[in-house]
Amino acid sequence: MAEEENVKVAVRVRPMNKRELGRKAKCIVSMKGNITTVTNPDDAADVKSFTYDYSYWSFDGYKEEPNGYFAKQSPNSNYADQNTVYNDLGGGVLANAWAGYNSTLFAYGQTGSGKSWSVIGYGANKGIVPLFCNDLFNGITQNTEEKEFEVRFSMLEIYNEVVHDLLNPTKNKKGLKVRQHPKKGFYAEGLKMALVTNYNEIEQKMNEGTVNRTIASTNMNATSSRAHTIVGITFIQKFRNDVGQETAKQAVVNLVDLAGSERVESTGATGSRLKEGAAINRSLSSLGNCIHALAERSSGNKVRVPYRDSTLTRLLMNALGGNSKTIMIAAISPADINYEETLSTLRFADRAKQIKTKAVVNEDPTEKLLRELREENEKLKKMMQGGKIDKDFIDSDGNGIDDRAEGDLKKKWEEEMKARMLENEQEMINMKKSYEEKLKMAQKDSVDPSIAKKEQDKSHKPHIYNLNVDPMLSGRIIHILKPGMNTVGNRKGVESTIIMVSPSIQEQHAEITVGQGGKVTVKPTNTDCRVLVNGSQVQGETTLCHNDRLVFGATQMWVFQNPLDKKAAKMNNQDITFEYAQEEIAAKSGVDMSSKGDAEWSRVQEDLLEVMPAVEEANSISEELDKLVKFEILMVAPQVLGNERGRTEVHVKMKNLSNGTEFVWNKEKFLNRLYLMKEMYQKYEDEEEWQKPDEEDPFKESLDTEVHIGTTQVNLQPLAYNVELKEQLEITNYKGADVGLMNVELVPCDSSGHEYTEADDKFVDEPVDLVGKSMHFKVKITSCNGLPNKYADMYCTYRIYLEEEDTKTKTVSETSNPTFGHSKMFSFSPVTEQLVHYLKNGTLNVKVMGKQRVRRSAMPYNKGLTTRDLLKSDRAVFSRTANLMNGFQMNGRVVDPQKQSIIVELLLMKKTQARLQQKVDSVRKLVKEAENISKIRVSTSLLKEVLQANSPEQADMIIRKIADEPDYEGYGPGSGMYSSSVCAVL
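Residues numbered from 1 in each chain as written. Predicted model: local features only at pLDDT ≥ 70, side-chain atom pairs only at ≥ 80, totals over all residues. Heavy atoms only, no water.

## Considering the overall build of the protein
Move 1: Within the protein, the regular secondary structure consists of 24 helices and 45 strands.
Move 2: Per-residue burial over the protein gives 51% buried out of 986 residues.
Move 3: Within the protein, counting contacts between residues at least 6 apart in sequence, those at least 24 apart form 69% of the total.
Move 4: Within the structure as shown, the protein displays about 45,700 Å² of accessible surface, and the carbon and sulfur contribution to it stands at 48%. (Helix = DSSP H or I, 4+ residues; strand = E, 2+ residues; numbered from the N terminus. Buried < 20%, exposed > 50% of the residue type's maximum accessible area, 1.4 Å probe, protein only. Contact = heavy atoms within 4.5 Å. Areas by Shrake-Rupley, 256 points an atom, 1.4 Å probe, with all protein chains shown as cover.)

## Notes on the side chain of Asn619
Move 1: Structurally, the position occupied by Asn619 is in helix H16 (residues 599–625).
Move 2: A relative accessible area of 3% places Asn619 in the buried class.
Move 3: A polar side-chain atom of Asn619 sits 2.8 Å from the main-chain amide nitrogen of Phe631. (Polar contact = N/O pair within 3.5 Å; in protein donor to acceptor, adjacent residues only side chain to side chain.)

## Considerations on helix H17 (residues 667–685)
Move 1: Its 19 residues give H17 an end-to-end C-alpha distance of 26 Å, which sits within 8% of 27 Å, the value for a rise of 1.5 Å per residue.
Move 2: With respect to burial, H17 is a largely interior element, 16 of its 19 residues being buried.
Move 3: Taken from the residues just after H17, Glu687 is the one with a positive phi, measuring 60°. (Expected span 1.5 Å × (residues − 1).)

## Some points on the sheet that holds strand S3 (residues 29–32)
Move 1: With antiparallel pairing, three strands are arranged side by side in an open sheet as S3-S4-S5. Strands at the two margins of the open sheet, each flanked by one partner only, are S3 and strand S5 (47–51). On average, adjacent strands in this sheet sit at an angle of 20° to one another, irrespective of strand direction.
Move 2: Pairing of S3 with strand S4 (residues 35–39), which is carried by four bridges, proceeds in the antiparallel orientation. Across the sheet, residue Lys32 finds its bridge partner in S4, namely Ile35.
Move 3: Helix-sheet contacts for helix H9 (residues 339–352) involve S3, S4 and S5, and the interaxial angle to S5 is about 35°. (Pairing = 2+ DSSP bridges. Axes fitted to C-alpha atoms, helices over the stretch in contact; angles between N-to-C directions.)

## Focus: unusual backbone geometry
Move 1: Looking along the chain, the bond that leaves Ser829 and enters Pro830 is cis, with omega of -5°.
Move 2: Tracing the sequence through the fold places Pro830 in the loop between strand S42 (819–828) and helix H19 (833–841).
Move 3: Although it is not a glycine, Asn534 adopts a positive phi angle of roughly 55°.
Move 4: Note that Asn534 resides in the loop between strand S28 (531–533) and strand S29 (536–537).
Move 5: For Asp793, which is not a glycine, the phi torsion comes out positive at approximately 50°.
Move 6: Relative to the helices and strands, Asp793 resides in strand S40 (residues 791–798).
Move 7: The class of Asp793 is partly exposed, set by a relative accessible area of 29%.

## As for the pairing of S3
Move 1: Only one face of S3 is covered, namely the face carrying Val29 and Met31; the face carrying Ser30 and Lys32 is uncovered.
Move 2: Linking S3 back to S4 in an antiparallel pair, the connection comprises two residues, with Gly33 at a positive phi of about 65°.

## Considerations on the environment of Lys925
Move 1: Mapped onto the elements, Lys925 comes out in helix H21 (residues 899–932).
Move 2: Assessed through its relative accessible area of 41%, Lys925 is described here as partly exposed.
Move 3: Remark: the alpha-carbon pair of Lys925 and Ile959, spanning 34 residues in sequence, is separated by 7.6 Å.
Move 4: Apart from the residues lying within four places of it in its own chain, the contact partners of Lys925 are Asp956 and Ile959.

## Focus: the sheet that holds strand S35 (residues 662–666)
Move 1: Within the open sheet, the three strands sit side by side as S33-S34-S35. Their pairing is antiparallel. In the strand order of this sheet, the two ends are held by strand S33 (629–636) and S35, each with one partner. Strand after strand, the sheet turns through a mean of 30° between neighbouring axes, direction not considered.
Move 2: Both strand S34 (residues 649–656) and S35 contribute to a ladder of five bridges, which runs antiparallel. Of the residues in S35, the one forming a bridge with His651 is Asn666.
Move 3: On the sheet, H17 packs against S33, S34 and S35 and is oriented at approximately 105° with respect to S35.

Okay, here's the thing in structure tokens:
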């Protein structure tokens, strides 16, 4: 009988990591009971709360025990340690496995949020997987019933929609095919299922899979932030039931460590061009879509669940809405610099808890299972002989199949038929084999003993070990250095003793020599071979010290350790991390990595540390494949992007060295393109067809792509005083350099569009005087002058106040001095304080857009040089790009953001001075007129009217009234009158 229940959801917040502590990040997460609350760091009033099955506070309140385990600091501490999390979640998975239910536990969250910490754990702080496996075998050992137990272990990785078997990585480079079975659901065909007899064997297999995963990552394949890992444990119990039949109870437990959820971000790609957003990690996007659809189903709506949209969702179909009891761990960072990602994760988890699954006990007599398998194969053979396509066969989940021609559909149908028959036959063979036979076969396939030997050797021999952005993958690859010379090179360098796969690794790249007395040196083979020691590039032989950081080429990052030098090892025993090494390289490249306690600057640093090595890697691939493309980091202020507020962003400029065109990509788009570049390089390395048509080539950008030529900022302050602004303002590009001038006007007018003149004089002394009245003004963009002649189809775009859509001028081509003749009137009635504040303090950001064109005279200007030749003179891509400046900073002069403010202030001062001079002149006229008619007293009301007059003509009309005013007997402070002598003083 099916047991329906909701997916259980737990949220866990981890402690601050070293980088966040260094940046003085603030904690924005709080928990009370099962409620998790997150506060917007930019708005303390913006607080959002979510309720889950469990909310685990693992931020503080712990102490480290002698064995390294983090336990509660005191009985009253609300710290959730590893055992607490396991007892709540893993204990249920274990109970389900014994009962014969399938279970799935998956961890979701951004890279570095603590997913692996909860699922796998570190050191003494073991996670759910090892604790579950250990308890499973303890239970088997202590079981006194007459049962036969079988435990099988598998480990796979999904990268770029391809399934890789981590226990058998060389079997199929193109990955395993995902098939569908009526009972199993989707499965990876040919996935190795290793028989294990105790916890140590599982631990060894897990280490073996992790090493294989690390090798793939180090050799430019998947990284933890872009790949999903699924550990599968199949637990079979064989026994005789109440009527004496041999029975099998089987439970499949999937423990899933998902890729970093920040990869779901938008890339800005449109249409079908490369489909960057989908290509980079379609799996997570599809997972979100499936969870949303399943949540809708739970609410009673009939919707299609798109399981087939990705490899991950097909393999997790049972876990999401089928025969499984499912738990989700949402791992979140507590730091303010990760607010957006944290909020996104909490919302994702909130939807997941609405999903319902229907789990059944997988228990049947062996004879019945064998009979069903035989019957199904007979049915499949008859269907094959008949040749009639059964679409339901390849769409048994009822979620629809992709559209394809009948011939292709039949081919797929036959392929699926044969695969299912083969799977059934293999299952029948396994069921008939005795446990002893299976064990004997498993012993032939034991763990590679060289892995254990290297672990032993590193304690007393000089060696290097790898660094990876994922702490789980750091230290997994070890190269023991033999006495004498050790050569580092790529796969083509057959004599190399240390093989590294990377586009920038030469056949003979470097030499590491272990000399007499344990002295170790490193030397690049030639000047083209990039070798960094502690962040600095070296040219000649350099002596290595314990814990030195080494970088070979663009991506190969290692740590040197020399246990023979016991004194150095004792003095320098710090834990070297990937982040530490990257920050060191950044600092040596001129990037300010100091902690300023500024959240905005911390986010910029985070982006820089991610993009800097990626740019070096992209340039290396371009060089190796001779793509004639160069990449460079840009630091872009929000105003340059056309945004009034926001933070400085890291962008990457792509320059085509063959035609001179340049395109600026945001961080996400660049990293997604790099993902495709790496895939292209991998095919090149494997000697497969790697060239792609232009529309699919990640190094190419269409000339029809609109580019941001530059931005002009127009100070709106004159409008707050009803003053006209006519200026010729600089157009500034990404680098802060002038690329032309824009003639722009802000003109106050009446409701009919009549523009106010000097004679109208609608100037107000204080902007607040506009509140409650009607206001009208025009924005005019007449022309631009001196734009670079490489642009065509140019236009300007801007957005005023609360507008949701941009206003665009007409498009102009074939000139460097486009005339737009643009004018648009804006009306506000009544004027609000918010509008006044916007006009007084805001700016109008006008972006100039266009398309690049290639002149014949400029093509080609590389003069037959290769990409390597062109880049050789410009290796230090970072040193010129990372210096931060005030203003709109960039790789050029500084653009002073105060310049236009000074111009506007001067304009307003002139206007104010003219108004005050007018008032003084009018008062003088009033005094003179009083003297001419021998009038010694003037009423204050008349004087007030004169001072409030908007023009000299209006003042003159008021002054003429003086003759009609009566004379008064007394005057003074209490009389409401002033003498002409007092007026003269005024």
